[in-house]
Number of protein chains: 2
Amino acid sequence: MQPREKFPAPTVRRLSLYLRELRAHQDAGHATISSKQLGEALGLTDAQVRKDLAFFGQFGHPGVGYRTAELIDRVRKILGKDRSWNACVVGAGNIGRALLPYGRFRRDGFDIVAIFDRDPAVIGTLIADHRVRPLSDLPALVRERSIRIGIIAVPAEAAQETALRLLEAGVVGILNFAPRRLDVGKRIAVVNVDFMVELEQLAFQLSLDTSAERPKPRKKSGERSHDD
Amino acid sequence: MQPREKFPAPTVRRLSLYLRELRAHQDAGHATISSKQLGEALGLTDAQVRKDLAFFGQFGHPGVGYRTAELIDRVRKILGKDRSWNACVVGAGNIGRALLPYGRFRRDGFDIVAIFDRDPAVIGTLIADHRVRPLSDLPALVRERSIRIGIIAVPAEAAQETALRLLEAGVVGILNFAPRRLDVGKRIAVVNVDFMVELEQLAFQLSLDTSAERPKPRKKSGERSHDD
DNA sequence: AGTTGTGAACTGATTCACAGCC
DNA sequence: GGCTGTGAATCAGTTCACAACT
């Protein structure tokens, strides 16, 4: 019956940014960090930082702040990064090819262990040490290699079918780079990344600035990040 | 004095999704669409759709809905896509190389007209019909080719410096693929895309599902998209 | 009958402000 | 003095519900 604890989506998104910033802070040699410092680095208030972290426990030390190493561990754990996640890429086009050699993933708990494509001309070729496999191999490889995440890097037209094949093969989450909405019937988690959407968000802000062209330069312009 | 009209960020983000969906709807041959239909396609309420659109004007026709072609035009205009935006890519690594041949951009108002890199070994080589240029050419090319958007596809360490060079060269917006926060002193717009952040959001949802492992399969699982 | 546009009500997120701790 | 954790207050975003329009 326990009603699946729910956390605010904005909080979870910021958690990733905290983690990124905490590492930079640690690399800079700081053993502790205050909510004020962390907030300033990300353009947030100190209260916001504390509230976010407080959803998941009490990690701070009054009068001191948060111990960097300790907080990194905690946030990693919250984000599910205390174990490693095997993933596969479907689609050996530009995006698929760019993702494979991206070493940051493996170094950080996400291991791309297979790549698939439908085109017989690329099946069998090597991309960053991985042999491209036909889609028919998907179910077997998902099982054999404990693949839990599917990364969709196929054209929009093929995305929905690909999602269903991944779902059937048994992945539990999808990172979707195709510019269309996937219908997976609420059964698994989906996160979408659409470059065109991001460019449009940028264009919108730029249009605001220039369409309301004003004589005197203003204090603050259209700074804004979906990510910060 | 006019206080720069401000629109809710979630609304602006959904606008891009509306546009994407509207095109699919139009391609499917439908001349009109109701807020209910559009909402259902994206997992939103009809009221949400109407409120979002109402921020920008009255485009609907009571009893009929929205005329697809008309609404597409309106939303394109709101998003600043009624004119074309020249962009450049800095960094000829995996991501930079993947972006250049991505034909959707040009077809949709974003034209990548130059690519830069710092590495002498790749300067001068061709990537998807573009000759890779040294960073020293940046200011001249931004002027000559009316580049307004800079796309950062360099390693994290070089990102901040790259941002400043783009800023100085005169771009008005940055799409940042590097995994770190850019400080551009509120002077220009920045949109961040970090693949690691997206994977972490996915991992978080998956951890929720499995950590609270329950005996009976439940109605709804951790469906969630930063994008829908 | 079907659908928009929009005030009013509600739900959720952020900021404030301060007691308690180091 | 500096900092966290958190209830209370505020602000923002969403949903409700209905008058107006076709």
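Note: the structure precedes this text.
Here the structure is a predicted model, which means the values were calculated and not measured. (Residues numbered from 1 in each chain as written. Chains lettered and ligands numbered in written order. Predicted model: local features only at pLDDT ≥ 70, side-chain atom pairs only at ≥ 80, totals over all residues. Heavy atoms only, no water.)

> What am I meant to see in the protein's contact with DNA strand D here?
Taken together, 22 residues are adjacent to DNA strand D, and Ser35, Arg50 and Tyr66 of chain A together with Arg14 and Lys51 of chain B come closest. At the protein interface, 59% of the atoms of DNA strand D within 4 Å belong to sugar or phosphate. Between DNA strand D and Gly63 of chain A there is a distance of 3.2 Å, counted from a base nitrogen to a backbone nitrogen or oxygen. Lys51 of chain B places a side-chain nitrogen or oxygen 2.8 Å from a base oxygen of DNA strand D. Listing elements by their share of the surface near DNA strand D, those giving two or more residues are α3 (46-54) of chain A together with α1 (9-27) and α3 (46-54) of chain B. For the surface near DNA strand D, the leading source of residues is α3 of chain B, giving four residues. (Near = heavy atom within 4 Å. Polar contact = N/O pair within 3.5 Å; in protein donor to acceptor, adjacent residues only side chain to side chain. Helix = DSSP H or I, 4+ residues; strand = E, 2+ residues; numbered from the N terminus.)

> I tried to follow the relation of the copies chain B and chain A on my own but got confused; where do I start?
Copies of the same chain, two in number, are related to each other by a rotation about an axis and a translation along it. In screw terms, the move from chain B to chain A is a rotation of 180° and a rise of 0.0 Å along the axis, fitting with an RMSD of 0.0 Å. Interpreted geometrically, this transformation is the action of a two-fold axis. Using C-alpha coordinates, one finds that chain B approaches the rotation axis most closely at Ala98 of chain B, a distance of 3.1 Å. A high fraction, 100%, of the interface residues of chain B reappear at the interface in chain A, so the copies pair face to face through one surface. (Least-squares fit on C-alpha atoms with pLDDT ≥ 70 in both. Contact = heavy atoms within 4.5 Å.)

> Whenever I open this one, the interface of chain B and chain A confuses me. Can you help?
It is common to give the size of an interface as the accessible area lost on bringing the parts into contact. In this assembly, 78 residues from chain B lie in contact with 78 residues from chain A. Summing both sides of the interface, chain B and chain A together bury roughly 7,600 Å²; the carbon and sulfur share of this comes to 60%. Between the two partners, chain B and chain A, sit eight salt bridges. Linking Arg13 of chain A and Glu198 of chain B is a salt bridge whose minimum nitrogen-to-oxygen distance equals 2.7 Å. Between chain B and chain A we count 14 residue pairs in polar contact (both at pLDDT 80 or more) in total. Mapped by element, the contributors of at least two residues to the side of chain B that touches chain A are α1, α2 (35-42), α5 (94-99), α6 (103-107), β8 (173-176), β9 (189-192) and α9 (195-211) of chain B. Classifying every residue of the side of chain B that touches chain A gives 42 nonpolar, 14 polar and 22 charged. (Buried area = accessible area lost by both parts, 1.4 Å probe. Salt bridge = Lys/Arg side-chain N within 4 Å of Asp/Glu carboxyl O. Nonpolar A, V, L, I, M, F, W, Y, C, P; charged D, E, K, R; others polar.)

> Please clarify how the pattern of salt bridges should be interpreted in this entry.
A side chain with one charge may pair with a side chain of the opposite charge, provided their charged atoms come close. A full pass over the atoms with the stated rule returns 28 salt bridges over all chains. Put simply, Glu161 of chain A and Arg165 of chain A hold a salt bridge, and the shortest N to O gap is 3.5 Å. Placement of both Glu161 of chain A and Arg165 of chain A in helix α8 (residues 156-169) is noted, with a separation of four residues, approximately one turn of the helix. Overlapping salt bridges, with partners in common, bring together Arg23, Arg76, Lys81 and Asp108 of chain A together with Glu200 of chain B in one network.

> What's the story with helix α2 (residues 35-42) of chain A in this structure? I'm lost.
It helps to recall that an α-helix has 3.6 residues per turn; residues three or four apart then point in one direction. All names here are of chain A. Looking only at α2, the buried set comprises Ser35, Leu38, Gly39 and Leu42. Viewed along the axis of α2, the buried residues span an arc of 100°, placing them on a single side of the element. Those residues of α2 that are exposed and angled more than 90 degrees off the buried face are Lys36 and Glu40. Those residues of α2 that are buried lie in contact with α1 (9-27), β1 (32-33), α3 and β2 (66-67). Looking one or two residues beyond α2, the residue adopting positive phi is Gly43, at roughly 75°. (Buried < 20%, exposed > 50% of the residue type's maximum accessible area, 1.4 Å probe, protein only. Arc of directions from axis to C-beta.)

> Would you take a moment to explain the protein's contact with DNA strand C for this structure?
What surrounds DNA strand C is a group of 22 residues, the closest being Arg14 and Lys51 of chain A together with Ser35, Arg50 and Tyr66 of chain B. The contact atoms of DNA strand C, taken as those within 4 Å of the protein, divide so that sugar and phosphate hold 58%. The side chain of Arg14 of chain A places a nitrogen or oxygen atom 2.8 Å from a phosphate oxygen of DNA strand C. Side-chain polar atom of Thr45 of chain A to a phosphate oxygen of DNA strand C: 3.2 Å apart, as the coordinates give it. Broken down by element, the residue count for the surface near DNA strand C peaks at four residues, all from α3 of chain A. For the surface near DNA strand C, the per-class residue count stands at eight nonpolar, nine polar and five charged.

> I keep staring at the packing of aromatic side chains and nothing clicks. Help me out?
How two aromatic rings sit relative to each other is given by the distance of their centres and the angle of their planes. Counted under the stated rule, the structure contains 17 aromatic pairs over all chains. Through a chain of ring-to-ring contacts, the aromatic side chains of Tyr102, Phe105, Phe177 and Phe195 of chain A together with Tyr102, Phe105, Phe177 and Phe195 of chain B assemble into a single cluster. Taking NZ or CZ as reference, Arg148 of chain A lies 4.4 Å from the ring centre of Trp85 of chain A, over its face. (Phe/Tyr/Trp six-rings, centres within 6.5 Å; stacked < 30°, edge-to-face > 60°. Lys NZ or Arg CZ within 6 Å of the ring centre and 35° of its normal.)

Spatial relationships are all this shows, so hold off on functional conclusions.
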